[in-house]
Amino acid sequence: PDEQFKPDPTKKTLVILGTGWGSVALLKKLDTENYNVVVVSPRNYFLFTPLLPSCTTGTIEHRSIMEPVRAILRGKKAAAKFFEAEATSIDPERKVVRIADNSEIKGATSETEIPYDMLVVGVGAENATFGIPGVRENSCFLKEIGDAQQIRKKIMDCVETAAFKDQTPEEVDRLMHMVVVGGGPTGVEFAGELQDFFEEDIKKLVPDISPRFKVTLIEALPNVLPMFSKTLIDYTENTLREEKIDIKTKTMVKRVTDKTVEAEVSRPDGTKERVEIPYGLLVWATGNAVRPIIKDLAGKIPAQKDSRRGLAVNEYLVVQGTRDIWAIGDCAVAGYAPTAQVASQEGYFLGKLFNNMAKTENHEARIQELSGQLNIAGGNSAEASQEIELLERQLKKIRDIKPFKYSHQGSLAYIGSDKAVADVSWWNGNLATGGSVTYLFWRSVYLSMCFSPRNRVLVLLDWLKSKAFGRDVSRE
Ligand code: FAD
Ligand code: NAD
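Residues numbered from 1 in each chain as written. Chains lettered and ligands numbered in written order. Predicted model: local features only at pLDDT ≥ 70, side-chain atom pairs only at ≥ 80, totals over all residues. Heavy atoms only, no water.

1. Section: the overall build of the chain
Across its full length, the chain carries 13 helices and 24 strands. The dimensions of the chain, computed from C-alpha atoms along their principal axes, are 100 × 55 × 50 Å. Split into buried and exposed, the 476 residues of the chain put 49% on the buried side. Long-range contacts, defined as pairs at least 24 residues apart, comprise 63% of the intrachain contacts of the chain with a sequence gap of at least 6. (Helix = DSSP H or I, 4+ residues; strand = E, 2+ residues; numbered from the N terminus. Buried < 20%, exposed > 50% of the residue type's maximum accessible area, 1.4 Å probe, protein only. Contact = heavy atoms within 4.5 Å.)

2. Here's the deal with the site of ligand 2
Residues in close proximity to ligand 2 total 23 residues, the closest being Thr186, Glu219, Val253, Pro338 and Leu412. At 3.4 Å, a backbone N or O of glycine 287 approaches an oxygen atom of ligand 2. In the complex, 79% of the free accessible area of ligand 2, which totals 850 Å², lies under the protein chains. At the level of elements, helix 7 (185–205) and strand 14 (251–256) are the ones that each hand at least two residues to the shell around ligand 2. Here the shell around ligand 2 is composed, by residue class, of 13 nonpolar, eight polar and two charged. (Near = heavy atom within 4 Å. Polar contact = N/O pair within 3.5 Å; in protein donor to acceptor, adjacent residues only side chain to side chain. Areas by Shrake-Rupley, 256 points an atom, 1.4 Å probe, with all protein chains shown as cover. Nonpolar A, V, L, I, M, F, W, Y, C, P; charged D, E, K, R; others polar.)

3. Here we look at the nonpolar core
Membership of the largest hydrophobic core comes to 68 residues, with the highest contact counts inside it found for Leu51, Ile65, Leu281 and Trp442. Composition of this core by domain shows at least three residues from each of domain 1 (12–125 + 290–359) and domain 2 (135–288 + 407–469). Once residues within four sequence positions are removed from consideration, leucine 281 is found in contact with Cys140, Ile151, Lys154, Ile155, Cys158, His177, Met178, Val179 and Phe190. Membership of the second largest hydrophobic core comes to 56 residues, among which are Ile294, Ala332, Leu353 and Phe354. (Core = buried A, V, L, I, M, F, W, Y, C linked by side-chain atoms within 4.5 Å. Domains from an automatic or database assignment.)

4. What to know about unusual backbone geometry
Phi angles above zero are rare outside glycine, and leucine 225 is one such case at about 40°. Locating leucine 225 in the fold gives a position in the loop between strand 12 (214–218) and helix 8 (230–242). Judged by relative accessible area, which is 0%, leucine 225 ranks as buried. Of note in the backbone geometry, leucine 317 takes a positive phi value of approximately 70° without being a glycine. Locating leucine 317 in the fold gives a position in the loop between strand 19 (311–312) and strand 20 (325–327). For leucine 317, a relative accessible area of 1% puts it in the buried group.

5. Focus: the sheet that holds strand 11 (residues 177–181)
In spatial order, the strands read 13-12-11-17; together these four strands make up an open sheet with parallel pairing. Two strands close off the open sheet at either side, each with one partner strand: strand 13 (245–248) and strand 17 (281–284). Neighbour to neighbour, the strand axes of the sheet diverge by 15° on average, direction disregarded. Sheet topology places strand 11 next to strand 17; four bridges connect them, and they run parallel. Bridged to methionine 178 within strand 17 is leucine 281. Contacts from helix 8 reach strand 12 and strand 13, with the element oriented near 135° to strand 13. (Pairing = 2+ DSSP bridges. Axes fitted to C-alpha atoms, helices over the stretch in contact; angles between N-to-C directions.)

6. Observations concerning the sheet that holds strand 8 (residues 111–115)
Pairing is antiparallel across the open sheet formed by three strands, whose spatial order is 6-7-8. Two strands close off the open sheet at either side, each with one partner strand: strand 6 (86–91) and strand 8. Recorded for the sheet is a direction-independent mean angle of 25° between the axes of neighbouring strands. Examined bridge by bridge, strand 7 (residues 96–100) and strand 8 share five bridges and lie antiparallel to one another. Its bridge partner being in strand 8, arginine 98 is matched across the sheet by glutamate 113.

Structural data, given as structure tokens:
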């Protein structure tokens, strides 16, 4: 193990968990030469989640939105260590993280510990199922690359099975029925992508059964996209209906079997009705739940005993009740929505904070050294005093770091048929717009936000490719 991990004893060891929006933003900003930086994540790449729904139908190929961590770290000034592993527990007393290699190939050592001086927890969240029976066994989620690949494969499996010789009409209807649960942005964007796929490709390729294709979006609340303004909610619901997506609001799924969804519909007169909906593909997008490692850590810190949705952090993103642990993104509760925008701003903030902390320590050490020189007779006292004065002035500025403040740039969502909705901050005001021009805006924003020039080129080529030749419907 010593061959693999030789931290410089003069520097603090900074362990960063996760390679998502929060951790990668931190890594981008961090001057790695100030710390022994160790990154731990079961995923050796960064995933650009806003374009993940497009991977489910092949509008974008999955590798176009992945960026290897190794490539990200190679660009840093000083080397940082990466271990592909899952952090399984954190011991805040001993200041160690236990990690396990849960990949298919394992070596002689697949579990060990990493000591830290400073720890950043950016492990994100897992999929919420609310304990509803049958969800985990029968539905697909949409959070990771593997989920998008599984959905892509299943869509075509449903279509090919529906087209099977002598298939019964009821079975064709069931197999061609794609049900999405959760009318948040993930569910809406996926439903839109799915309808596009059928309109633009499946209709032409499998014309005999395509009229039986149907997308249903189920939402427990009275409307979809609750974080958008009322005008955009109405616009989205009307557009989805025009696209022939069946929106079932005030409908809460209670049970899932391998072929049906059982839901409770709230009627306008206040009564409730139980319905059974047969499906071919079921995608579950009902938001986030807390990861076990976070629950475990919260259980070890008395100040976190009331934390239910993640680790409560203070205004500098320090986990409350700890000294050297920070939390960012979906696993932290800082009073903001669990979005990429928040996670990346938090990561950037910590990067700046840690750079400042290192500068402070360096300045303080230099001041101490110069003060020592001043005490020795014969030293150049004027020069040393001048330098101390300058350093102290700089220190004051560095120490004056403001607490984290999130700056909301707006919300954007694709809703299908080349239309998007946007609620964006615009010259001190707000702009709420929807339609095809907004879609071009959506595309340009996400293209510019892609992690690397390589990602940007690949995404652009994928868009052109699927427009020119249609999406690839081979079932891998
Ligand atoms: P993540 O990005 O989820 O990263 C978590 C990291 O931790 C991953 O690398 C994971 O492998 C790793 N990890 C997990 N467990 C462990 C462990 N035990 N030990 C070590 N590492 C671990 N937000 C927006 O603002 N705009 C959008 O358009 C948008 N679109 C989205 C589309 C989809 C389909 C989804 C699912 C989400 C979308 N979001 C969007 C939300 C956004 O992706 C999340 O808020 C964001 O990813 C949170 O960042 P994070 O760093 O906290 O977590
Ligand atoms: P969400 O939490 O935003 O929405 C989940 C929806 O599922 C809720 O509206 C909830 O009422 C519904 N629901 C829960 N249980 C249900 C049940 N049993 N039956 C029917 N409906 C049920 O989840 P999400 O869409 O996955 O988004 C997660 C986070 O990621 C959010 O913060 C979101 O803003 C962000 N995100 C943003 C974008 C974007 O900006 N374009 C895209 C995707 C995700």
